[in-house]
Amino acid sequence: MKFHSPKITRREGLKAALATAAGAALLPASVRSADAQTRSETLRHVMAGTINSLDATVPGSTREAFGAGMSIYDRLGSFGRKEVEGQWTFDFDNIRGELAEKIDRSADGRTFTFHLRQGATWHDGTPVTAADVKWSLDRAVSAKSLSAAQIASGSLAKPEQFKVVGDRTVEVSLDRPDRLALANLSIPLSPMFNSVLAKKHATSDDPWALAWLKDNTAAGGAYIVETHRPGQQTVLRRNENWKNGPEGKLPFFRRVIAQTVPEAATRANLLERGDADLSIDLQASDIDALEQRGRIKLVAVPQTNGFTGIVFNTRLAPFDNPKVRQAVAAALPYEDMFKAALFGRGRRLFGARWTEVPSEAFPQRLPLNTDLAKAKALLTEAGYPNGLQTTFAFAAGAASAAEPAAVLVKEALAKIGIEVTVQKMPDAQFVTLQVERRLPLFMESGTAWLPAPDYFLRTYFSGEHRWNFSGFKNAEMDSLVQAARFETDPAKYAAACKRMITIAATDVPTVMLWQPNQDAVMARNISGYTYWFHRQVDYRDLVRA
Amino acid sequence: MSVAKNIGRRVVKRLGASVPALLGVVVFTFLLMRVLPGDPATFFASGPNAGQEEIDELRRQMGLDRPMYEQLARYLYDVATGHLGRSMTTGQPVLADLAQRLPASLELSFFALIIALALAIPLGIAAALKPNSLIDHAVRFVCTLGVCVPTFVSGLLLIYVFYYLLGLAPDPTGRIDIFAAQPPEITGFLLIDFLMVGDLAGWRAAFGQLILPAFTMALFVLAPLARMTRASLLAVLGSDFIRTARSVGMTGWRVVIVYALRNAMLPVLTIIGIVFSTMLGANVLVEKVFSWPGIGSYALDALLASDYAPVQGFVLLIAAIFVMVNLAIDVLYGIADPRVTVE
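Since the model is a prediction, treat every value here as computed from it, not as a measurement.

Tallying secondary structure elements over chain B gives 14 helices and 0 strands in all. Sequence-ordered secondary structure for chain B, helices as α and strands as β, is α-α-α-α-α-α-α-α-α-α-α-α-α-α. Seen along its three principal axes, the alpha-carbon backbone of chain B occupies a region of about 85 × 55 × 40 Å. A burial count over chain B gives 51% of its 343 residues as buried. Expressed as a percentage of contacts within chain B between residues at least 6 apart in sequence, the contacts between residues at least 24 apart total 72%.

Okay, the pattern of salt bridges next. All names here are of chain A. Under the definition given, this model contains 41 salt bridges over all chains. Of the charged contacts in the structure, one is a salt bridge between E98 and R75, with a shortest N-O distance of 3.3 Å. Of the two residues, E98 sits in the loop between strand 3 (87-97) and strand 4 (100-105) while R75 sits in the loop between helix 3 (63-72) and strand 2 (77-84), which places them 23 residues apart along the sequence. Note on accessibility: E98 and R75 belong to one class, buried. With a closest N to O distance of 3.1 Å, K339 and E335 form a salt bridge. Here K339 and its partner E335 are both found in helix 12 (residues 334-342), 4 residues apart, which amounts to about one turn of the helix. Relative accessible area serves as the criterion here: at 48%, K339 is assigned to the partly exposed category. E335 gets classed as partly exposed once you look at its relative accessible area, which sits at 30%. Salt bridges here are not isolated pairs; linked through shared partners, they connect R75, R96, E98, D538 and R540.

Attention shifts here to the pairing of strand 15 (residues 388-395) of chain A. Residue and element names in this part refer to chain A. Taken across its 8 residues, strand 15 has 6 buried, putting it largely inside the fold. When strand 15 meets strand 16 (residues 418-425), the two strands line up parallel, connected through 8 bridges. Paired with L388 across the two strands is I418, which belongs to strand 16. Regarding topology, helix 14 (residues 399-415) serves as the crossover connection from strand 15 to the parallel strand 16, and that connection is right-handed.

We now examine the domain arrangement of chain A. A common way to express how large an interface is: the accessible area buried when the components associate. Residue and element names in this part refer to chain A. Each domain of chain A was delimited in the assignment, giving domain 1 (1-73 + 221-296 + 523-545), domain 2 (93-203) and domain 3 (306-517). Each of domain 2 and domain 3 has a C-alpha centre, and the two are 36 Å apart. Between domain 2 and domain 3, the residue contacts involve 15 residues of the former and 12 residues of the latter. By the criterion of area lost to domain 3, the three top residues of domain 2 are R176, R179 and L180, representing 47% of everything that side buries. In this assembly, domain 2 and domain 3 are joined by 1 salt bridge. Linking D178 and R485 is a salt bridge whose minimum nitrogen-to-oxygen distance equals 2.9 Å. On inspection of domain 2 and its partner domain 3, the count reaches 6 residue pairs in polar contact (both at pLDDT 80 or more). Each residue belonging to the side of domain 2 that touches domain 3 can be placed in one class, and the counts come to 7 nonpolar, 5 polar and 3 charged.

The α-helix winds at 3.6 residues per turn, so residues separated by three or four positions along the chain end up facing the same way. All names here are of chain A. Here helix 14 contains 17 residues, and its C-alpha end-to-end distance of 24 Å stays within 8% of the 24 Å for a straight helix at 1.5 Å per residue. Of all the residues in helix 14, the buried ones are A399, A402, A405, A406, L408, V409, A412 and L413. Buried residues in helix 14 make contact with strand 13 (306-312), helix 11 (322-331), helix 12, strand 15, strand 16 and strand 17 (441-447). Looking one or two residues beyond helix 14, the residue adopting positive phi is G417, at roughly 90°.

Turning our eyes to something else, we now look at the packing of helix 16 (residues 453-461) of chain A against helix 17 (residues 475-485) of chain A. All names here are of chain A. It is the contact of helix 16 with helix 17, at a shortest axis distance of 9 Å, that shows an interaxial angle of 145°. Here the hand of the crossing between helix 16 and helix 17 comes out left-handed. Residues D454, L457, R458 and F461 of helix 16 lie in contact with helix 17, whose contacting residues are M477, V481, Q482, A484 and R485.

Okay, the environment of B:A226 next. Residues and elements named next belong to chain B. Take A226: it is sitting in helix 9 (residues 200-237). For A226, a relative accessible area of 1% corresponds to the buried category. Distance in space between the C-alpha atoms of A226 and D65 is 52 Å, their sequence separation being 161 residues. Ignoring sequence-local partners within four residues, the contact set of A226 consists of A120, G124 and C143.

A few words on a nonpolar patch on the surface. Residue and element names in this part refer to chain B. Taken together, the side chains of F28, L32, L36, L300, L303 and L304 define a hydrophobic patch exposed on the protein surface, amounting to about 530 Å² of accessible area. Those elements giving two or more residues to the nonpolar patch turn out to be helix 1 (2-35) and helix 13 (295-304). Looking at the nonpolar patch element by element, the count peaks at 3 residues for helix 13. One can find L32 in helix 1.

Turning next to the interface of chain B and chain A. Taken together, the contacts link 66 residues of chain B with 66 residues of chain A. Around 6,100 Å² of area is buried between chain B and chain A when both sides are counted, 62% of it from carbon and sulfur atoms. Where chain B meets chain A, there are 1 salt bridge. A salt bridge links B:D171 to A:R44, with the nearest nitrogen and oxygen atoms 3.0 Å apart. Our count for the contact surface shared by chain B and chain A stands at 12 residue pairs in polar contact (both at pLDDT 80 or more). For the side of chain B that touches chain A, the secondary-structure elements that each account for two or more residues are helix 2 (40-44), helix 3 (52-61), helix 5 (94-129), helix 7 (151-165), helix 9, helix 11 (252-282), helix 12 (284-289) and helix 14 (308-336) of chain B.

A separate point is the confidence of the model for chain B. Chain-level statistics for chain B give a pLDDT mean of 84 and a share of 96% at 70 or above. Interface scoring of the predicted complex returns ipTM 0.78; its pTM is 0.82.

Let us now look at the packing of helix 5 of chain B against helix 13 of chain B. All names here are of chain B. Closest axis-to-axis distance for the helix 5/helix 13 pair is 8 Å, and the angle between their directions is 140°. By the angle between their axes, helix 5 is oblique relative to helix 13. The residues of helix 13 that touch helix 5, namely those facing V94, D97, L98, R101, L102 and S105, are I295, G296, S297 and Y298.

Moving on: unusual backbone geometry. A cis amide bond links A:A317 with the next residue in sequence, A:P318, at an omega value of 5°. If you trace the backbone, A:P318 turns up in the loop between strand 13 and helix 11. Residue A:P363 follows A:F362 across a cis peptide bond; omega there is 0°. Topologically, A:P363 is positioned in the loop between strand 14 (346-348) and helix 13 (372-381). Non-glycine residue A:E85 carries a positive phi angle of around 50°. As for its position among the elements, A:E85 is in the loop between strand 2 and strand 3. Classification of A:E85 as exposed rests on a relative accessible area of 75%. For B:N132, which is not glycine, the phi dihedral falls at a positive 65°.

We now examine the pairing of strand 2 of chain A. Successive residues of a regular strand alternate their side chains across the two faces of the sheet. Residues and elements named next belong to chain A. Bridge count between strand 2 and strand 3: 8 bridges; the pairing is antiparallel. Within the sheet, the bridge partner assigned to V84 lies in strand 3 and is Q87. Following strand 2, the chain reverses through 2 residues before pairing antiparallel with strand 3; E85 in that reversal takes a positive phi of roughly 50°.

Residue and element names in this part refer to chain B. With respect to the helices and strands, the residue S297 is situated in helix 13. Looking at S297, the relative accessible area reads 6%, which means it is buried. Non-local contacts of S297, meaning those with residues more than four positions away in its chain, are made with R101, V284, E287, K288 and W292.

What follows concerns the sheet that holds strand 3 of chain A. All names here are of chain A. What the 3 strands build is an open sheet, ordered 2-3-20; its pairing is mixed. Two strands in the sheet have a free side with no partner beyond their single neighbour: strand 2 and strand 20 (530-531). Inspection of the sheet shows strand 3 paired to strand 20 by 2 bridges, in the parallel sense. Bridge assignment links W88 to a residue of strand 20, and that residue is T530.

To continue, consider the environment of A:K473. All names here are of chain A. Relative to the helices and strands, K473 is located in the loop between helix 16 and helix 17. The exposure class of K473 is exposed, given its relative accessible area of 60%. Taking C-alpha positions, K473 is 7.6 Å from F461, a pair spaced 12 residues apart along the chain. If near-sequence neighbours (up to four positions away) are discounted, K473 is found in contact with R315, E464 and D478.

Calculation notes
- Residues numbered from 1 in each chain as written.
- Chains lettered and ligands numbered in written order.
- Predicted model: local features only at pLDDT ≥ 70, side-chain atom pairs only at ≥ 80, totals over all residues.
- Heavy atoms only, no water.
- Helix = DSSP H or I, 4+ residues; strand = E, 2+ residues; numbered from the N terminus.
- Buried < 20%, exposed > 50% of the residue type's maximum accessible area, 1.4 Å probe, protein only.
- Contact = heavy atoms within 4.5 Å.
- Salt bridge = Lys/Arg side-chain N within 4 Å of Asp/Glu carboxyl O.
- Pairing = 2+ DSSP bridges.
- Right-handed = clockwise from strand over helix to strand, strands pointing away.
- Domains from an automatic or database assignment.
- Buried area = accessible area lost by both parts, 1.4 Å probe.
- Polar contact = N/O pair within 3.5 Å; in protein donor to acceptor, adjacent residues only side chain to side chain.
- Nonpolar A, V, L, I, M, F, W, Y, C, P; charged D, E, K, R; others polar.
- Expected span 1.5 Å × (residues − 1).
- Axes fitted to C-alpha atoms, helices over the stretch in contact; angles between N-to-C directions.
- Left-handed = near helix turned anticlockwise from the far one by under 90°.
- Patch = residues over 30% accessible without salt bridge, like charges linked within 9 Å, V, L, I, M, F, W, Y side chains within 5 Å.
- Areas by Shrake-Rupley, 256 points an atom, 1.4 Å probe, with all protein chains shown as cover.
- pLDDT = per-residue confidence, 0-100.
- Parallel < 35°, antiparallel > 145°, perpendicular 65-115°, else oblique.

Written as structure tokens, this is what we have:
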């Protein structure tokens, strides 16, 4: 091995490296290639999560996939939207036809007839037929997807319930007049597929083409997927032949870029510089400053179909004792927690003063108030005069709100002799322990897609499924949720709901704390933002002035 | 010719020797992921009405319903046949994800390393020539600062100043302007791909996107490189052959650059190898801050979700790269110091 003149190569190498560094420092800002016109018709949505499946019904789909699915696919029906105090939210009581231009409901409430829209086509130009709808509904109840469990909550469970009665007419029949049947056909988990296309990619192992539809679409919705790079970005192009919007109107944006930007501070920077148009998952602590600088528009809507609460494991001592739960509930410093965890950005679910439930709405403010003397008395009554020890857990992903709250919980419970060890866990670990019901006390959030009080109570306060976080088991509650579900008399329905709310308020399986705001931050010229039950952006609503 | 043959033989031998290590890494990661608390099936069964049925179905899909030894055997078979499983987080095959993301991480790490070397070696030389002088202290200060400030802080700071305040840098997300046309996909290294298709505007845009994240990473690895250059050069400068060279009247810079620096480079090369491997694996924070679609942030997301396949694939990939980098460094040793025999 010989090196007679290594100095030259090495020196040159060094020079080249220095030149690169110098060049780097002098390089001007990037070259923008898109012209102004297309930019104004393009929406750039930056988000922390990722769209991991184009078909929202595939098990393991992220929430972002639910949002994207709304724009890519159509459903038979769609909730309306209403303007409340200058903010748009979804209207659960007003369902219009989406892919169906007309929906007939029989007098006994047990049959729905869907008349498909004249001239409706799939993205590949072929017409939408009743057979497509039948296949999609069969898939929803038969395939091993997320749909089956969800739409069963509307008494939709068997393929025999769906009947083709004409080229463009489908009949759906129910055993009992379920209040939530139609609502369940208007959600991200009941999309309508182009069955001819999907069937081409079905296999004997996978007769409903779940695997293929994860990365491909057989859709007819308002947007067509242009590129899809999970974990990076998904680009949508407007479907110019779409006829299923309200009054048949096309959405405003020709192009939508949904981009994953993991760092919240970067998302905020992008919005303030005007490079991004919308984000719904910024940090609560940044929102005030962003609003004050005034370069962006903030639409803050309380998530009225959700809650954050402190959950007791009612199947494990000591919290199987309602008195201990009541003691903790009376010791919590609600207002301080609300300020520290949420910066007051949300709606309180504590602090009511009623003794008789005022309405059947749920979640509503419950009579949860700080009263240390009462808390101490209850704890003594429960057989713990010297206090007890427990742990308080929360998921790392929820830490920004849960961590400050946990500190206050620990401090407050120490005052009544309960010694709390705070446990912050990786999300997957937290969820596993929670599902196995091994956490005694923890903080958790939930949302009910269909904000009917009975559905909410059924989901979160009864049954064996994971959403009954506290494992609450109460015979009266269990029979009432079933009765309310099929109750057609509004007065009886209201009475049942009020009774269930009373049980939830006195037995406190979960201390309902608050409903956090959904803080949607957007460019100032964007309007029409609507809060949806699935808590994602529906791109079809948005307009740039 | 014999040199090349020697190197070739050595490469083959080293690669062969690394197989048991890689196998160990595969098995160890496999077991570790399953020992860690957190069940991916439960985590991903997050549908609005997810019940036990859905959890079981996911478990079946991921093969987690089978006994552990069978899972391991299947995984080893898959790895041997070139499959790394499917990521639940992105829904894609892990191999495809890694293949798409590795060039992004490599490009960033290479570029950051070049910047770091271009800064660290002159700084190290300057410090070594005047030990304990003001320059030496200044270099020490800069290096300490670089190490002390975590990369996500320096990254956010750079974004704040150069993007948010001054507007000089392009928007700090990803490898290319989001509104621009898709880059050509040839090698996955954008700087190379744009040159290959002759798109200079695209090249400059990609280069612009690279500068801030690369500088953030370079700042962090400045210290080991500069300190090692200084220490090693100091030792060499005190040795006999340097004294001899000076005594025969050679010019100062010739002595330093040609004789001293070349001899001082060996330990620096070792550090470069370690620094580069570390950068690839540990630039997670930089990738997160700059939305860089690299393998680090990919693996972190998977780890938080207890998503087994991507984490295992990532560790295997990093182990393989580590083997390659060490090999490359050994080959470079031979070039830098002819006395290092091939065995």
